[in-house]
Every structure is written in structure tokens, then in C-alpha cells.
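Spelled out from the first residue to the last, the chains are:
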2 protein chains.
Amino acid sequence: MEFITNPDEIEKKSFEIITRQLGDQPLGDNVAVIKRVIHTTADFDYCENLVFSPDVFERTVALLQQGVNIVTDTQMARAGINKRVLEKMNGSAHCFVDSPEVAQIAKERGVTRSATAMEYAVRALSGPIIFAIGNAPTALIKLHELIERGVCMPALVIGVPVGFVNVVESKELIMTLDVPYIVAKGRKGGSNVAAAIVNAMIYEAAKRNEESEK
Amino acid sequence: MEFITNPDEIEKKSFEIITRQLGDQPLGDNVAVIKRVIHTTADFDYCENLVFSPDVFERTVALLQQGVNIVTDTQMARAGINKRVLEKMNGSAHCFVDSPEVAQIAKERGVTRSATAMEYAVRALSGPIIFAIGNAPTALIKLHELIERGVCMPALVIGVPVGFVNVVESKELIMTLDVPYIVAKGRKGGSNVAAAIVNAMIYEAAKRNEESEK
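Just so we're clear, the structure is a prediction, and the values are computed from it rather than from any experiment.

Q: Sorry, what's going on with the overall build of chain A here?
A: In terms of helices and strands, chain A carries 11 helices and six strands. Each principal axis of the C-alpha distribution contributes one length, and for chain A these read about 55 × 40 × 40 Å. With 214 residues in all, chain A has 61% of them scored as buried. Sequence-distant contacts, at least 24 apart, represent 65% of the contacts inside chain A between residues at least 6 apart. Surface exposure of chain A reaches about 9,500 Å², of which carbon and sulfur atoms provide 46%. Taken as two groups, the 23 positive and 27 negative side-chain charges of chain A have centres that lie 3 Å from each other.

Q: When you look at helix α8 (residues 113-124) of chain A in this model, what are you seeing that I'm missing?
A: Counting along an α-helix, one turn takes 3.6 residues, and residues three or four places apart therefore face a common direction. All names here are of chain A. The first and last C-alpha atoms of α8 sit 15 Å apart over 12 residues, in line with the 16 Å expected at 1.5 Å per residue. Judged by how many residues are buried, α8 sits mostly within the fold: nine of 12 residues are covered. Every buried residue of α8 is accounted for by Ser114, Ala115, Thr116, Ala117, Met118, Glu119, Tyr120, Ala121 and Val122. Those residues of α8 hidden inside the fold are in contact with β2 (69-72), α7 (100-109), β4 (129-133) and α9 (137-148).

Q: It is not clear to me how the packing of aromatic side chains should be interpreted in this structure. Could you clarify?
A: Two measures describe an aromatic ring pair: the distance that separates the ring centres and the angle between the ring planes. Evaluated as defined, the whole model comprises four aromatic pairs over all chains. Summarising the aromatic geometry, the rings of A:Phe44 and B:Phe164 are spaced 6.0 Å apart at their centres and angled 85° between planes, so their arrangement reads as edge-to-face. Of this pair, A:Phe44 sits in the loop between α2 (31-41) and α3 (46-49) while B:Phe164 sits in the loop between β5 (156-159) and α10 (167-175), each in a different chain.

Q: Just to check I follow, could you spell out the nonpolar core for this structure?
A: Generally speaking, soluble globular proteins have nonpolar side chains that are buried together. Judged by nonpolar contacts, the single largest core of 97 residues is most densely connected at A:Ile197, A:Met201, B:Ile197 and B:Met201. Among residues more than four places away in sequence, those in contact with A:Met201 are A:Val33, A:Phe57, A:Thr60, A:Val61, A:Leu64, A:Leu156, A:Ile158 and A:Ile182.

Q: How should I be thinking about the relation of the copies chain A and chain B in this particular structure?
A: For the pair of chain copies, the relating transformation is a rotation about an axis with a translation along it. Between the two copies, chain A and chain B, the superposition gives an RMSD of 0.0 Å; the rotation angle is 180° and the shift along the axis is 0.0 Å. Here the symmetry operator amounts to a two-fold rotation axis. Of every C-alpha in chain A, the one belonging to A:Met76 sits nearest the axis of rotation, 2.6 Å from it. A shared interface surface links the copies, since 100% of the contact residues of chain A are contact residues in chain B too.

Q: Is there a simple way to think about the pattern of salt bridges in this case?
A: This structure, assessed with the given rule, holds 26 salt bridges over all chains. For A:Lys188, the salt bridge is made with B:Asp43, and the minimal N-O distance between the two is 3.9 Å. With A:Lys188 in the loop between β6 (181-184) and α11 (191-213) and B:Asp43 in the loop between α2 (31-41) and α3 (46-49), this pair bridges two chains. Exposure class is identical for A:Lys188 and B:Asp43. Each is buried. Bridged by salt links that share partners, the residues A:Asp43, A:Asp45, A:Lys188, B:Asp43, B:Asp45 and B:Lys188 form one connected network.

Q: Explain the sheet that holds strand β1 (residues 50-52) of chain B here, please?
A: Strand pairing in a sheet relies on backbone hydrogen bonds. The paired strands run either parallel or antiparallel. Residue and element names in this part refer to chain B. An order of β1-β6-β5-β4-β2-β3 is seen for the six strands of this open sheet, with the pairing classed as mixed. Whereas interior strands pair on both sides, the edge strands pair on one side only; in this sheet they are β1 and β3 (92-94). In this sheet, neighbouring strand axes are inclined to one another by 15° on average, regardless of whether the strands run parallel or antiparallel. Judged from the three bridges that link them, β1 and strand β6 (residues 181-184) form a sheet pairing that is antiparallel. Bridge pairing links Leu50 to Ala184 in β6. Contacts between helix α11 (residues 191-213) and the sheet are confined to β1, β2 (69-72), β4 (129-133), β5 and β6, with β5 contributing the most and set at about 140° to the helix.

Q: Is there a simple way to think about the interface of chain A and chain B in this case?
A: Taken residue by residue, the interface counts 36 residues in chain A and 36 residues in chain B. Interface of chain A and chain B: buried area, both sides summed, is about 3,000 Å²; carbon and sulfur atoms make up 74% of it. Contact with chain B buries surface across chain A, with A:Phe3, A:Met76 and A:Phe164 losing the most and accounting together for 23% of the total. Across the chain A-chain B interface, the total number found is two salt bridges. Put simply, chain A and chain B have three residue pairs in polar contact (both at pLDDT 80 or more) between them. Top contributing element to the side of chain A that touches chain B by residue count: helix α1 (residues 7-22) of chain A, with seven residues. Here the side of chain A that touches chain B is built from residues that sort into 18 nonpolar, 13 polar and five charged.

Thresholds applied
- Throughout, a residue's number is its position along its own chain's written sequence, starting from 1.
- Chain letters start at A and ligand numbers start at 1, both assigned in the order the entries are written.
- Under the rules for a predicted model, residues below a pLDDT of 70 receive no local features and side-chain atom pairs below 80 are neither given nor counted, while totals for whole chains, interfaces and linings still include all residues.
- Side-chain numbers here rest on the full set of heavy atoms in the structure, without hydrogens or water.
- Here a strand is any run of E in DSSP of at least two residues, a helix any run of H or I of at least four, and the numbering for each starts at the N terminus.
- Accessibility here uses a 1.4 Å probe with only protein chains present; expressed as a share of the type maximum, an area under 20% marks a residue as buried, one over 50% as exposed, and anything in between as partly exposed.
- Contacts between residues were defined by any pair of non-hydrogen atoms, one from each residue, lying within 4.5 Å.
- Each accessible area value is a Shrake-Rupley result obtained with a 1.4 Å probe; residue values ignore everything except the protein chains displayed when judging cover.
- For the purpose of counting charges, residues Lys and Arg are taken to be positive, whereas Asp and Glu are taken to be negative. His and the chain ends are not included.
- Positions of charges follow a simple convention, taking NZ of Lys, CZ of Arg, CG of Asp or CD of Glu.
- Each residue after the first adds 1.5 Å to the expected span of a helix.
- Within 6.5 Å between ring centres, the rings of Phe, Tyr and Trp (the latter by its six-membered ring) count as paired, and their orientation is classed by plane angle as stacked under 30 degrees, edge-to-face over 60, tilted in between.
- Put simply, a nonpolar core is a bunch of buried Ala, Val, Leu, Ile, Met, Phe, Trp, Tyr and Cys residues held in one set by side-chain atoms that sit within 4.5 Å of each other.
- Least-squares superposition aligns the copies on the C-alpha atoms of those residues with pLDDT at or above 70 in both.
- Here, a salt bridge means any Lys or Arg side-chain nitrogen found within 4 Å of an Asp or Glu carboxyl oxygen.
- A pair of strands counts as paired when DSSP detects no fewer than two bridges linking them.
- Here the axes come from fitting lines to C-alpha atoms, over the contacting stretch only for helices, and the angles between their N-to-C directions go from 0 to 180 degrees.
- By definition, the buried area sums, over both parts, the 1.4 Å-probe accessible area that each loses when the two are put together.
- Here a polar contact is taken to be a pair of N or O atoms separated by no more than 3.5 Å, where protein atoms must pair a possible hydrogen donor with a possible acceptor and residues adjacent in sequence count only if both atoms sit in side chains.
- Think of it as three bins: nonpolar holds Ala, Val, Leu, Ile, Met, Phe, Trp, Tyr, Cys and Pro, charged holds Asp, Glu, Lys and Arg, and polar takes everything else, Gly as well.

Structure below.
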């Protein structure tokens, strides 16, 4: 059997297949995000599921071009983010869920480490933050609370936890806020989806930086 | 709004919903794997997609109970594996894709790092190996070659790469072999799916070890 083995060629060919299958749907600015999520999941449902606040793609790409902190709810989402490209633009990716301090606070309060890690991130980091939540609805619910209380104003909330309990509701909560968001409506999502959304915008930001250096 | 916040309760409730939605389908031994993959993806397609070689669940659980090496193709899959529970049973999880030696060999030969990392793992590790491939069809194609050449006989091949190029074919290749396998037929899969399959069997192995210690 003959296989394409060049990684760049594989990716190019994959995006051609996705583009062909999507057909003539008007996907606007957010097309790069939608295609990369489908590339990551092979699930065309995301063409319908993904919801974007106005101008969120352009605003986020501009922010990434200058370097920004990204906070994930899981190590898995952090592992999926292309940190090499991100760090070249002076950005960085954090996940505080395994911090001993977070574990202790969570235990004392009887809440999840994921939720506690959000509050911890707001205190630990300065400057704008992109939150990428692919797993824990409790992290999203905590972010909603922090935003409503005026404790933080994220540069972007990526709300794509997956699952059956609290998940749909936690995403709906984020969409009620006046905050930049990208949400996967319904039950679907995941750490891989969160990372794919981040990477789509990282790659666009890096491309623009390269072009402006020419 | 009222949310369940206890993580154990969330998981229990999630599995109840999945069980209810699956209904009376006879899923046999592999039900724990199927349910955990659906828990991870919220995608009931996996009820149809997942294919298991005979007795693979029982054989793998028995192996995990005694400690076994797991090799993943991505850091993301490795990040998703519950290493705390795995290591308690003297198992460990490895990913060699970022090793400088692997990068150098891959560059010299003009092949992917994912494929090279498989050969590297076979040389670096002793004892039985479970390969969990959630991303790179080239890793699966390399494993097929190594098995056919008699270079290695994995204890299990989890073949669940996702995507549009080489993916379907690479999975079909594995299913032609006389080797224990769990494969997600078709385009779907992912690092999260690979980790979920591993975790389902890790949890069963840990439960049995605990019961036998009582």
C-alpha cells in the first residue's frame, strides 16, 4: 500500500478533504478554527456546534501576535497546544490544576481543583488571559462567577468541556456574558478541541508576524 | 442554577446517562471501554466504531494488574493517562516523540518522528508493551511493519488515530494482524480516545488488585 508520509503534505491533503466536504457554507472569519477542530476530531458536527462572539477571531489573533497567557483546565489541553510557536510570540501556556496549593484550597473548601485553579490563575498571572476549558464544567462555572463579580475580565473564554452533567448548562452560562467567547454548544468538546481552537489562532498569529517581518 | 459539584457524583451520574442511552445493546466484556470512550467524547458513534480482538479486555487487564509499559504517540495521549493509578501497579507511560535522538533519526531518514518513536520504544523498553496510538497513522503503519517483520509482538495495539489521510487504511492494516488490538474503525479517534481506552482498563485492573488485597 502507498501512503503519503510527509507530515506537511498529510496536513495539506487533510484540509483539502475537509474544505471539499464543507462545501459552500459561509463560515466567515472563524473558518480556520472550525476546520482545525474538524481536523482534530473528524467530526463535522462542530460546523454547527461552534459559536463565536463578535470579532473574536481577529481580536484573539491580534493578542496572540503580541504574546499572551493561556490557561487550560487540564494538562492534556496544555499538552495539545503548540507551545513552540506560542512561546516564539512571547506567549505561554499554564495549567495549575496539579499545583499543591490548588489541591489544598480545593480540599479545604470541598470544591473541584479545576474551579480552584481558575481563581489561582487570576491571582498568579498579570496581563490578559485566554482561558481554554476542554474538560471541567466547574471551571467554566467558576469563571462565570469571577466575571460576574468583576474579579476578572478574560481576553477570551474557550468553553468546550465535554460530557453529560453540568456541561450544556455551563456553556450556556458563558454565552450570557459580555465577554469574548468560543463555545461548543451541546455535550461535545474536549481537551483536544480546546487545544485545536487555540492552535488555529496561534498559527494565524504566527503567519501574520512572519509576513510583517518580511 | 444548581450544579452537582462532587467529582465522583458527576462521574457516576454521567455513566448512568450513558448506560441509559445505550439501552439493552449486548456489549460484552468491552462495555467498560466503550462507555469510557463515550464519556470522553460524548459521541455515541464509538458504540459502533470500536472493534476488539478476542479476549483483549481480560488479557490487558491481567497484564496491567502486574505492571506494564505503555507507549503513546503523543504527549497529549500520555497526559491523559491516569499515571498515578498506573504507577501504583508498577506500570509506566512513555512517549518518545520529543526525544532528540528520535528527531535526529527521523530527519536523517526523512520519515515522521511518530514512526521513528515506535522503533525507538521497542529498543528502549524491555517486557511487554501496550502501544496507544491516537494521532499518527504513520506510527500505526510502522508498528504493522515491525510486527510483520517479527521485530516486536506488542501486548496490545490501541489504534485510534483520527483524520482524513492514511487513517482508515492504517487501522485496517492492524486488524489484519494476529495481535491483540482495539481499533476505532473509520476516521474518528484521537489522543483523548486513546487515553480513555487505556484508563478504562487501568481502573478495572486497580479495582481487581484492591479486591484481591482485601
